[in-house]
Amino acid sequence: MLGMIKNSLLSTVEAWPYRVLSKGEKEQLSYEERACEGGRFAVVEVAGKPFDEASKEGVLKLLKYVGGTNDKGVGMGMTAPVSITAFPAEDGSLQQKVKVSLRIPSQFQVNPPCPSDESIKIEERQGMTIYSTQFGGYAKEMDYVNYAAKLKSALGSEAAYRKDFYFCNGYDPPMKPYGRHNEVWFVKE
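Caption draft 1: Structural view of the environment of Gly73. Mapped onto the secondary structure, Gly73 falls in the loop between α2 (51-66) and β5 (78-80). Gly73 sits 58 residues away from Tyr131 along the chain, and the two C-alpha atoms are 37 Å apart.

Caption draft 2: How the structure looks around the sheet that holds strand β10 (residues 166-170). The strand order across the open sheet built from 9 strands is β2-β3-β9-β11-β10-β6-β7-β4-β8, with neighbouring strands paired in antiparallel fashion. Of all the strands in the sheet, the pair left with one neighbour each is β2 (18-26) and β8 (120-125). Strand-to-strand twist across the sheet, computed as the mean angle between neighbouring axes with direction ignored, equals 30 degrees. Where strand β6 (residues 82-88) lies against β10, 5 bridges are found, and the strand directions are antiparallel. Looking across to β10, one finds that Ser83 is bridged to Asn169. Packed on one face of the sheet, α2 meets β4 (39-47), β6, β7 (94-103), β8 and β10 and runs near 20 degrees to β7. This element, helix α3 (residues 141-155), spans β2, β3 (29-36), β7, β9 (128-135), β10 and β11 (182-187) of the sheet and lies at about 50 degrees to β11.

Caption draft 3: Quick peek at the pattern of salt bridges. With the rule as written, the count across this model stands at 12 salt bridges. One salt bridge connects Lys61 with Asp117, and the closest N-O pair in it is separated by 4.0 Å. Of the two residues, Lys61 is situated in helix α2 and Asp117 in the loop between β7 and β8; the sequence distance between them amounts to 56 residues. With a relative accessible area of 25%, Lys61 lands in the partly exposed category. Of the charged contacts in the structure, one is a salt bridge between Lys99 and Glu123, with a shortest N-O distance of 3.4 Å. With a gap of 24 residues between them, Lys99 in strand β7 and Glu123 in strand β8 connect regions that are remote in the sequence. When its relative accessible area of 23% is taken as the criterion, Glu123 is described as partly exposed. One salt-bridge network, held together by shared partners, links Lys23, Glu32, Arg34 and Glu183.

Caption draft 4: Quick look at the pairing of β10. Most of β10 sits out of view: 5 of its 5 residues are buried. Residues Tyr166, Cys168 and Gly170 point to one face of β10 and Phe167 and Asn169 to the other, with burial holding for every one of them. The pairing of β10 with β11 spans 4 bridges and is classified as antiparallel. Residue pairing in the sheet places Cys168 in a bridge with Val184 of β11.

Analysis parameters
Residues numbered from 1 in each chain as written. Predicted model: local features only at pLDDT ≥ 70, side-chain atom pairs only at ≥ 80, totals over all residues. Heavy atoms only, no water. Helix = DSSP H or I, 4+ residues; strand = E, 2+ residues; numbered from the N terminus. Pairing = 2+ DSSP bridges. Axes fitted to C-alpha atoms, helices over the stretch in contact; angles between N-to-C directions. Contact = heavy atoms within 4.5 Å. Salt bridge = Lys/Arg side-chain N within 4 Å of Asp/Glu carboxyl O. Buried < 20%, exposed > 50% of the residue type's maximum accessible area, 1.4 Å probe, protein only.

See the structure below:
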């Protein structure tokens, strides 16, 4: 636990590498199209709980993993964003299932420590192109649902993207009260 706290408070945060392909603004919403690098990710699935509760549970497990609860007992440092895959229902609400993921820091990409928690899996993911919009505050389920609806409206029918899931991303530790950075990502088809 101490390693997790030290890791989240004192370590520098490594950003998930990407490059901006284009920027747009429509209906008072700014958005970007980005090419995000692939790599290895620590991933945990949580089902049967509301989005906010499931997300918190998954994030805590991943923070413990990068904080040293792994086979090497090493604190790896933090990466951002913490990415939560949300699965929308027909009405736009979110199903009670999430996948919480964290890109493994660069120095551990080739040979990541094995998680001590068996619910955490290491996944290799390909690079992807996404549409992204940003907002502030302490993000909850309704914030992500609202910004996903705004991004969908701004992109219109011209943009092709996955409709069966989207990413809800947080960039800040919970103890940061101001200037918070959250994003919704749609994966381009």
